[in-house]
Amino acid sequence: LYLLYQALDDFLSKWEIVWIDRGVMLSDDCLVSLTTLLSCRDRLWQCLKKSVYTSARSTSFLGFEEGGFLVQWRWMTKSIDAFYQRSDISLLKNGDSGTLNNNNNMLALQASQRHFEILFGTINDKIYETTGGKNRLTDALWKKAGHPLVPQTSTQWAVRNKLQICS
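Scope of this entry: the structure provided in the associated data block. From a predicted model like this one, the values you see are computed outputs, not experimental measurements.

**So, the overall build of the chain**
- Each helix and strand in the chain was counted, giving seven helices and zero strands.
- Along the chain direction, N to C, the helices and strands of the chain fall in the order α-α-α-α-α-α-α.
- In the chain, which comprises 167 residues, the share counted as buried stands at 32%.
- For the chain, the proportion of contacts with a sequence separation of at least 24, taken over those separated by at least 6, is 76%.
- Summed over all atoms, the accessible surface of the chain reaches about 10900 Å², with 57% contributed by carbon and sulfur.

See the structure below:
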């Protein structure tokens, strides 16, 4: 997974360079989604750091207790999807070519994004393949990782989201 982290960091740094070259202000939604992605990335890393190797005879397909990992992986997957939706990557690709330097930065961004998506997709496919698909993975998460504490009202959700943005 270390290569995935390297690819994500490389992609985000190239994405930042292209945005700086364009001289465009990022929207609040984009900043929140980027912050959430970085937070999910760090929580997954902390989960992996705390993981203890289980013996080869264990039922875990990862070699360690997968409950926490699968929960953090799902959160990271959702944060990547949200970042893609809110970061206007398609606008960057379709925008004017600008200077040669901007064009080179755009090509570097596209190559970096492709590399990250290949790594991420391969790992994601293996996780779903090993756990029996998305529905089976959801069942496994509930069974092995417990039930999440979910706010019961929309007001509680709004307060929770404001706290998450502030933290």
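Still more ground to cover, so stick around.
**Comments concerning the nonpolar core**
- By size, the foremost hydrophobic cluster in this structure holds 27 residues, and its most contacted members are Phe11, Trp15, Phe83 and Phe116.
- Listed by contribution, the elements that provide at least two residues to this core are α1 (2–22), α2 (28–50), α3 (66–86) and α5 (100–131).
- Broken down by element, the residue count for this core peaks at nine residues, all from α1.

**Points about the packing of aromatic side chains**
- Overall, the coordinates contain 11 aromatic pairs when judged by the stated rule.
- Each ring, one from Trp15 and one from Trp19, has its centre 6.1 Å from the other, and the planes form 65 degrees; the classification is edge-to-face. Here the residue Trp15 and the residue Trp19 both occupy positions in helix α1, the gap between them amounting to four residues, near one helical turn. Here the two residues Trp15 and Trp19 agree in accessibility, since each one is buried.
- Sitting above the plane of the Trp75 ring, Lys78 keeps its charged end 5.6 Å from the centroid.

**Observations regarding the pattern of salt bridges**
- Counting across every chain of the model gives three salt bridges.
- One salt bridge connects Lys14 with Asp10, and the closest N-O pair in it is separated by 2.6 Å. Residue Lys14 and its partner Asp10 are located together in helix α1, separated by four residues, close to a single helical turn.
- Of the residues examined, Lys14 reaches a relative accessible area of 23% and is grouped as partly exposed.
- The partly exposed category is assigned to Asp10, whose relative accessible area is 29%.
- With a shortest N-O distance of 3.0 Å, Arg41 and Asp42 are connected by a salt bridge.
- By relative accessible area, which is 15% here, Arg41 ends up buried.

**With respect to α1**
- Compared with an ideal rise of 1.5 Å per residue, which puts 21 residues at 30 Å, α1 spans 31 Å between its outermost C-alpha atoms and is within 8% of the ideal.
- One or two residues past the end of α1 sits Gly23, with phi positive at roughly 70 degrees.

**Points about a nonpolar patch on the surface**
- Where nonpolar side chains cluster on the molecular surface, the patch consists of Tyr2, Leu3 and Trp45 and spans about 340 Å² of accessible area.
- Positionally, Leu3 belongs in helix α1.
- Under the relative-accessibility criterion, Leu3 is labelled exposed at 56%.

Conventions adopted
- Along each chain, the written sequence defines residue order, and numbers are assigned to residues from 1.
- Predicted model: local features are reported for residues with pLDDT of at least 70 only, side-chain atom pairs are reported and counted for 80 or more only, and whole-chain, interface and lining totals are derived from all residues.
- Side-chain metrics in this entry use all non-hydrogen atoms of the structure; hydrogen atoms and water are not considered.
- Counting from the N terminus, the helices are the DSSP runs of H or I reaching at least four residues and the strands are the DSSP runs of E reaching at least two.
- Burial classes: relative accessible area under 20% of the type maximum marks a residue as buried, over 50% as exposed, and values in between as partly exposed (1.4 Å probe, protein chains only).
- Every residue pair with non-hydrogen atoms within 4.5 Å of one another is taken to be in contact.
- Method for areas: the Shrake-Rupley scheme with a 1.4 Å probe, in which residue coverage is limited to the protein chains shown.
- Put simply, a nonpolar core is a bunch of buried Ala, Val, Leu, Ile, Met, Phe, Trp, Tyr and Cys residues held in one set by side-chain atoms that sit within 4.5 Å of each other.
- Each Phe, Tyr or Trp ring (for Trp, its six-membered ring) is paired with any other whose centre lies within 6.5 Å, and the angle between the two planes then decides the class: stacked below 30 degrees, edge-to-face above 60, tilted in between.
- Charge-over-ring placement is defined geometrically: NZ (Lys) or CZ (Arg) within 6 Å of the ring centre, and within 35 degrees of the ring normal.
- Here, a salt bridge means any Lys or Arg side-chain nitrogen found within 4 Å of an Asp or Glu carboxyl oxygen.
- Here the expected length of a helix is defined as 1.5 Å per residue gap, with one fewer gap than residues.
- Exposure above 30% relative accessible area and the lack of any salt bridge qualify a residue for a patch; like charges then connect within 9 Å, and the nonpolar side chains Val, Leu, Ile, Met, Phe, Trp and Tyr within 5 Å.

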